[in-house]
Amino acid sequence: MNNGLDQDLLSELVEIMGGDMQMLINAYINDTREKLVTMNQLQVSTQQEDIHRLAHSLKGSSRNVGLVDFADYCEEIEKKAREGELTEEFFDLPKFDRLFESAASELAKQYL
Amino acid sequence: MKILIADDNHTDRLILSKVLENLNHEVVQAKDGSDAIEQFKKHAPALVLLDVLMPGYDGYEVAEIIKTDSSRAWFPIIFLTSLTEASDLAKCITAGGDDFVSKPINKIIIKAKIDAFERIINLYDTVAEQRERIQYHHEHLVQEQEAAKRIFNNIAHRGCLASDNINYHLSPMSIFNGDLMLAAELPMGGMRLFLADFTGHGLPAAIGAMPASEIFYGMTTKGFSIPDMMVEMNKRLYSVLPRGIFCCVIVIDIDSIDEALTIWNAGAPNSFLIDTKSKQLTPIPSSHLPLGIQSPEKFKVACQSFEFTKHHKVIAVTDGIIEAEDIHGNMFGEEKMVDCIKANVTSDNICGALLAEVNLFCGKTDQSDDLSLLEVAFPAISSDDILQSSEMELTESGTSDSELSLKLRGKSLGNFDPIPLFMQTILSCNELAPHRARIFTVLSELYNNALDHGVLGLDSAMKNSSEGFANYYAKRIQGLNDLDVGFVKVSVDHHPTANGGRLIFSIADSGEGFDVQKIVKEGVKDYSGRGLPLLLKLCDTVEYFDSGTRVKAIYNWDHHDIPE
Amino acid sequence: MAVSSVTSADGKSLTISIEGRFDFSAHQAFRGAYEKVSPIPSDIIVDMSGTTYLDSSALGMLLLLRDHSGGDSSNIQLKNCNEDIKKILTISNFEQLFKLV
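Cut-off values and rules
Residues numbered from 1 in each chain as written. Chains lettered and ligands numbered in written order. Predicted model: local features only at pLDDT ≥ 70, side-chain atom pairs only at ≥ 80, totals over all residues. Heavy atoms only, no water. Core = buried A, V, L, I, M, F, W, Y, C linked by side-chain atoms within 4.5 Å. Buried < 20%, exposed > 50% of the residue type's maximum accessible area, 1.4 Å probe, protein only. Helix = DSSP H or I, 4+ residues; strand = E, 2+ residues; numbered from the N terminus. Contact = heavy atoms within 4.5 Å. Pairing = 2+ DSSP bridges. Axes fitted to C-alpha atoms, helices over the stretch in contact; angles between N-to-C directions. Parallel < 35°, antiparallel > 145°, perpendicular 65-115°, else oblique. Left-handed = near helix turned anticlockwise from the far one by under 90°. Nonpolar A, V, L, I, M, F, W, Y, C, P; charged D, E, K, R; others polar.

Caption draft 1: Layout of the nonpolar core. Of all hydrophobic cores here, the largest spans 51 residues; its most connected members are A:Met39, A:Ile51, A:Leu67, A:Phe96, A:Leu107 and B:Leu49. Here the element with the most residues in this core is helix α2 (residues 21-40) of chain A; it accounts for 8 residues. For B:Leu49, the residues in contact, after removing those within four places along its chain, are B:Ile3, B:Leu4, B:Ile5, B:Ala6, B:Leu16, B:Leu20, B:Ile78, B:Leu80 and B:Ile110. In this structure, B:Met188, B:Ile507, B:Val551 and B:Trp557 belong to the second largest nonpolar core, which totals 45 residues.

Caption draft 2: Here's a closer look at the sheet that holds strand β4 (residues 77-81) of chain B. All names here are of chain B. Spatially, β2-β1-β3-β4-β5 is the arrangement adopted by the 5 strands of the open sheet, whose pairing is parallel. A strand with exactly one partner marks an edge of an open sheet, and here the two such strands are β2 (26-30) and β5 (99-102). Strand-to-strand, the axes of this sheet are offset by a mean angle of 20°, without reference to chain direction. Both strand β1 (residues 2-6) and β2 contribute to a ladder of 5 bridges, which runs parallel. Across the sheet, residue Ile3 finds its bridge partner in β2, namely Val27. The strands that helix α2 (residues 33-43) touches are β1, β2 and β3 (47-51); relative to β2, the one it contacts most, it runs at about 145°. Strands in contact with helix α4 (residues 86-94) are β4 and β5; relative to β5, the strand with the most contacts, it is inclined by about 140°.

Caption draft 3: Geometry of the packing of helix α1 (residues 27-35) of chain C against helix α2 (residues 56-68) of chain C. All names here are of chain C. In contact at an axis separation of 11 Å, α1 and α2 are set at 15° when each is read in the N-to-C sense. Considered as vectors, α1 and α2 are oriented roughly parallel to each other. The handedness of the crossing between α1 and α2 is right-handed. Taking contact as the criterion, the partners of His27, Phe30, Tyr34 and Glu35 in α1 are, on α2, Met61, Leu62, Leu64, Leu65 and His68. Here the residues of the contact of α1 with α2 are counted per class, giving 6 nonpolar, 2 polar and 1 charged.

The following block contains the structure:
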C-alpha cells in the first residue's frame, strides 16, 4: 500500500471511470477538503451526532476511492460518535488532515 | 433503461452513474431528497436508486412520496445503504422499497439486480400492452355487435309479431344469441310464423338472419308454401353459412279460413299444439336436420297438418328454455315446461306464465335473457279482412293485356306450385295491387279445388275432425307422391276495359268432376273448406263446364272502385 | 374437458375420445385431433363414453369433422352416447349424418 491507498481498487476504478477518472478525483478531493473544514469546526462536547454523520459520509466516499487508512480512521470516529462516546483526545483533527493530505497528494500525482 | 440515482455524496453518485452508464443505461442524478422528487417527476425513470441517509427528505420519505404517484406505471426502488443491521435492511422493504444494495456498491451485484428488475418491468409492459390491445378489440367487437343488433331489429320488426293473437318473448339482443322470430300475414288469410335458432352468437347469426328474413317475407307475401320457402332458405343458408354453423327452425302456417295449422320443426325442441277445450297437448317433434347442413339436392320437406280453430293454440320454443339453469346447474327441462303449460292451458298468456316459472326456477332474472318462445292463437281475421288493400303505388300497366297458361301434369303437380308464378305475372299490372288478396284467394281456391278434389279425389268432408284433418293432408301428400298421370291446366287472361279491366280465370282438371247443381243447391259451405259462396262473392261470375272439370271465373275491376 | 385420439395400427381408423363437456372449449383440441392425421382415415369413431354434455357448438364441430372426412362419403360413428346426448342428437336428426352406436 502506498500512502494509505488501495492500488488494486484504484485500478478497478480507473476501468470504470475511463476518461472521467480525473474529474472524479478532482471532485473527491475538493468535496473532502470542504467537509474537513466543516469537521474542524465541530464541537465534540455538543455535536457528536453531526460528527457521526459527517464521519460516516467521509468514510463512504473515501472507501470508494481507495483511501483505506483515512477511511478506517473515519470509521473509528463514526462508531464512537454514534454512541456519544467520542472524546477530545480521540478526536485527533491533525491526524485526520494528515492522513487525507498524504493520500490525496499521491492520488493527484497518479491521476491529475 | 432510464435510472434515477439519488445520493447526497458526490463521489458515490459519480461512480455509480459511471457504472450504470457503462451498462448502457441512461442516468439522471439527484443530490438530495427534494431534488430526487423533482427529478423523478421530470424524467419519469424506469428504476430508482435511493440513498437512505440524505439531508432533508431521507430515502424512506422520498420512496413513500414517489410510490404514491398513481400516474406512473409500476417502477422498482432499490435502496443504497451502508447500514448493516438486519432491522435496518428490512425497513428498506417495508418503507416501499423493492430491494436494497449495500455500500460500497459492488458493480456485479448492482448489475444483477438491475437486470432482474428490468425483466419484471418488461413483463409489466407486455401485460399492459396486451391489455390495451384486448380492450381495443373488445370495443371493436362490441361496436360490431351493436351494428348487428340494429340490423336485426330492422329485420325482426317488420311483419306482424304485434298482432293480438300472438304472445312472445324474444331474447333481448344484448349478447345477440342468434334467435330470430318473424311473422307475416298470408295473402289468402291467416299468418305464417317463423322461429329460428342459429348456432353461435353475434355475427354468424346476423349473416344467416338477413337472407332468412328476406326469403321469409318475400315468399310469404307471394303465397309460397312452406316447403318451397324452406328449400329456398336451406339453399341460401347452405351456401352462405360456414360449415359447422346451422339453423334450427320451426315454421307454422295458420290458415284462418280452412282452420288448419301446418307446421315443420327442424332441429328445435318439441313444439306443442294445445286444444284449450279438451286440454290436450300434442307434441310436434323435430323431424328434420336443421337448415344449412344438407346440400340442396338432398333437402326434402314434409310438413304436418292439424286442425286449428279458435280454441287451439300452438307454442314453439328454442332450446334456451329447456337449458335454462338454476344456481346448482340443473336445467329447467321439457317436463317442467309441459307441466307449466298444462297448468296454464286456459290462460290468455301462457308465454308469460312460462317466463315467470323459468325465472322462479333460475333464481335470477337474467336467465330469461337467453330464451325465445312463441305462443300463437287463432288470428282474428275474418273473410272480410282479406279484402283489404295493399300499400303499393299505382304506376305502370305491365301485363294489363295478356294471357298466361300453364298445364301441370303427373309428378309436376306435386313438385311445382304455380300460384306464385301467376300472381307475379298478374301483379305486374300494378293497378291490380289493391286487388291482390282477392285475386290470390280466387286463384288458389280454384287451383286447390282442381288439384285436391279433381285430380286427387280427396273428400273435403274428411277435414271435419282433428284426425280427419291430419288424415286429409297425409293422404294429399301420399296422393301427390303417387301421381303419375293427371293434369291441371291454369290460364289467366287479363283485358283492359273502359273503366278498368277484366280477369278471366280458367282451370281444367283431369278428375271425375262433380255434381255442380247438387252442391250449389245444398249450399254446402264445407265444399273445399271455403265454399263456393266465397268464390261467388268475390267474382262476378263462376261457371262450371264438362261435369265440373272445367271452371271459368270472371273478375271485373274498376279504376275508381278500390277495395277497402 | 379432455380430448384424446388414437389411430389404429393400419391407419384406417381414428378414435377420438372426449372426456367431460363437449362444448366450445374443446374446439382447438378436437380439430387438432383429426386435422393432423394424414391421410384421412376411412373410419372415424367419436367415443363419448366419458362425455357428459353436448351443445350446439359441439354439433357444429361434428359437422366440421364430417366435412373434413369426405362429407356424404364419410363414415363416422358416435359411440356410447348417454341418454341426454342421444336426445340432443335425435332432436337435431343427426342420426341421418352419423351412425349412433
